[in-house]
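# Geometric and topological summary
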Amino acid sequence: MTAPIVIVGAGQAAASFISRHVALGSRQTLLLIGEEPHPPYQRPPLSKKYLLGDLERDRLFIRPLQWYAEQNIGLRFGTRIGRIDPRNRQVVTDTGEAIDYDKLLLCTGSSARRLPASMGGELDGVFTLRSIADIDRQAPEFRAGRRLLIVGGGYIGLEAAAVARQLGLEVTLLEMAERILQRVAAAETSAYFRALHQGHGVDLRESARLARLLDENGKVCGAELESGEIIAADLVLVGIGGSPNIELAQAAGLECGNGILVNAVCQTSDPNIFAAGDCSCFERDGQRIRLESVQNAADQGDLVARHLAGEDISYSAMPWFWSDQYDCKLQIVGLNQGHTRTVTRPGNSESSLSIWYYRDAELIAIDAMNEPRSYAFGRKIIEAGINPSPELIADPATDLKALALGR
Ligand SMILES: Cc1cc2nc3c(=O)[nH]c(=O)nc-3n(C[C@H](O)[C@H](O)[C@H](O)COP(=O)(O)OP(=O)(O)OC[C@H]3O[C@@H](n4cnc5c(N)ncnc54)[C@H](O)[C@@H]3O)c2cc1C
């Protein structure tokens, strides 16, 4: 009997691979192995409605547990894979059990970066935000009147700040760069979210470097900044980015960089092993990149299933992303890296606008804040390879639908 396709990591990419495999009627058996005790679930609501207490846990699961049983998919949750033996085509659990695979799909995701213990990262009351377990630990601490310090002004930190304000906490947010979202967005987008958070009472500090967290009997009680300023806090959330879970792949001798290196069908340097989602590092426009987004995880998982079913395809999906903060929905399409110019297009209300990114004359990405039309038509415009002039985009009278239809 042929060994199964083994999937390590039961998250977004794994769920997408399995759904496509089943939809294609592929016959080969599957075994899904994940270290968390849950079937694959959506992480985006963790820093939004789930932290707010506005979403039942069952709603997080991508499919009910029963569905996997109905499809005869082997499941091993609460099981961590500690080693891959590529020569014998086996994965080995932390408890030493060897499991054969025909093909192996690594969907191990990424981990939240932590502050080192020397800076107080291990104190009680210091949290990161990555899993259901993380939220279940910290949600009871999110009570009105408590003082929350957030370290990091990226999307997760900002979303958590919005939830905390909605729950009545006092929030201070530290960003060591000159501006929040500096790594991922233009200054105009940062300015929009700075004003949004300040308008909701967040004490937002940019160019503010943390020296260390302060300790009171093993529990965090505040922070000292490099400037010497002391900020009191009852709890601290660290949102300083993620790093890909590549240790398994590295130890097995697979080529890795900022992620597990894969080709256009998500195949690693071992032809029997594939990698998809946050852990994979792939080529786009001649550069190796790694994305942490639902779109990328879902599209890559889907692609591997199609490839293994014999379809002749390669990965070329258009990146998109979203974030929810208070009453603002941010939608992003494309990648803005290497942009040389941005243009702001006003929206229909005070809280809506979009930022259009150009690399020379080429339109490459859009950040749309409460602007679903700009997002939807802008996405079509980028996908069609149309490059409207910045002046045309900046003019609110320009009909985006007509542009998208090439009129
Ligand atoms: C709080 C939060 C909010 C987010 N919000 C958004 C958003 O608004 N929009 C968006 O597009 N994206 C968002 N993301 C990113 C998105 O959720 C991820 O990009 C996506 O989940 C990646 O899917 P994945 O399958 O690669 O990894 P994951 O879904 O993270 O799954 C990886 C799984 O592998 C398991 N694993 C790792 N190593 C092993 C091992 N050795 N053995 C067994 N199991 C292992 C992990 O425990 C984990 O369960 C958010 C992420 C977080 C954490």
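Refer to the structure presented above.
Just so it is clear, the structure is predicted and the values come from calculations on it, not from any experiment. (Residues numbered from 1 in each chain as written. Predicted model: local features only at pLDDT ≥ 70, side-chain atom pairs only at ≥ 80, totals over all residues. Heavy atoms only, no water.)

### Examining helix H6 (residues 187-199)
For an α-helix, 3.6 residues make a turn, and residues three or four places apart therefore share a direction. Counted at 1.5 Å a residue, the expected span for H6 with its 13 residues is 18 Å, and the 18 Å between its end C-alpha atoms agrees. Along H6, the residues classified as buried are Thr 189, Ser 190, Tyr 192, Phe 193, Leu 196 and His 197. Buried residues of H6 fall within an arc of 160° about the axis and therefore sit on the same side. In this structure, the buried residues of H6 make contact with helix H5 (155-166), strand E12 (203-205), strand E23 (320-325), strand E24 (328-334), strand E26 (353-359) and strand E27 (362-369). Trailing H6 by a residue or two, Gly 201 shows a phi angle of about 85°, which is positive. (Helix = DSSP H or I, 4+ residues; strand = E, 2+ residues; numbered from the N terminus. Expected span 1.5 Å × (residues − 1). Buried < 20%, exposed > 50% of the residue type's maximum accessible area, 1.4 Å probe, protein only. Arc of directions from axis to C-beta. Contact = heavy atoms within 4.5 Å.)

### Focus on the packing of aromatic side chains
Enumeration over the complete set of coordinates arrives at 6 aromatic pairs. Ring geometry for Phe 282 and Tyr 315: centres 5.2 Å apart, planes at 80°, overall edge-to-face. Taken together, the residues Phe 282 in strand E21 (residues 280-284) and Tyr 315 in the loop between helix H8 (294-308) and E23 connect sequence positions 33 residues apart. On the basis of relative accessibility, which here comes to 4%, the residue Phe 282 falls in the buried class. Take Tyr 315: its relative accessible area is 14%, and that puts it in the buried class. (Phe/Tyr/Trp six-rings, centres within 6.5 Å; stacked < 30°, edge-to-face > 60°.)

### Regarding the sheet that holds E27
The strand order across the open sheet formed by 5 strands is E23-E24-E27-E26-E25, and the pairing between neighbours is antiparallel. At either end of the open sheet lies a strand with only one pairing partner, and these are E23 and strand E25 (341-346). Going across the sheet, the axis of each strand differs from the next one's by a mean of 15°, ignoring polarity. In the sheet, E23 pairs with E24 via 6 bridges, with the strands oriented antiparallel. Opposite Asp 324, over in E24, you have Lys 329 as the bridge partner. This element, helix H9 (residues 372-383), spans E23, E24, E25, E26 and E27 of the sheet and lies at about 165° to E27. (Pairing = 2+ DSSP bridges. Axes fitted to C-alpha atoms, helices over the stretch in contact; angles between N-to-C directions.)

### Considering the site of the ligand
Near the ligand, the surroundings consist of 31 residues, among which Ala 13, Glu 36, Lys 48, Arg 130 and Asp 278 are the closest. Interatomic distance of 3.2 Å between a backbone N/O atom of Gln 12 and an oxygen atom of the ligand. Between the ligand and Ala 13 there is a distance of 2.8 Å, counted from an oxygen atom to a backbone nitrogen or oxygen. Here the ligand has 1,000 Å² of accessible area as a free molecule, and 96% of this is covered by the chains. Secondary structure elements with two or more residues in the shell around the ligand: helix H1 (12-23), H8 and E23. By residue class, the composition of the shell around the ligand is 13 nonpolar, 10 polar and 8 charged. (Near = heavy atom within 4 Å. Polar contact = N/O pair within 3.5 Å; in protein donor to acceptor, adjacent residues only side chain to side chain. Areas by Shrake-Rupley, 256 points an atom, 1.4 Å probe, with all protein chains shown as cover. Nonpolar A, V, L, I, M, F, W, Y, C, P; charged D, E, K, R; others polar.)

### Some details on the side chain of Asp 85
Here Asp 85 shows up in strand E4 (residues 81-85). The charged side chain of Asp 85 is buried without a salt bridge, its nearest counter-charge being Arg 83 at 4.7 Å. Among the polar contacts made by the side chain of Asp 85, one reaches the side chain of Asn 88 at a distance of 2.9 Å. Setting aside residues up to four positions removed in sequence, Asp 85 forms contacts with Gln 90 and Tyr 101. (Lys, Arg positive; Asp, Glu negative; His and termini not counted. Salt bridge = Lys/Arg side-chain N within 4 Å of Asp/Glu carboxyl O.)

### Observations regarding the nonpolar core
By size, the foremost hydrophobic cluster in this structure holds 49 residues, and its most contacted members are Val 91 and Leu 106. The greatest single-element share of this core, amounting to 5 residues, is contributed by H1. If sequence neighbours within four positions are ignored, Leu 106 has contacts with Val 8, Ile 84, Leu 248, Ala 249, Leu 254, Ile 260, Ile 273, Phe 274, Ala 275, Ala 276 and Cys 279. By size, the runner-up hydrophobic cluster in this structure holds 45 residues, among which are Ile 150, Leu 158, Leu 173 and Leu 204. (Core = buried A, V, L, I, M, F, W, Y, C linked by side-chain atoms within 4.5 Å.)

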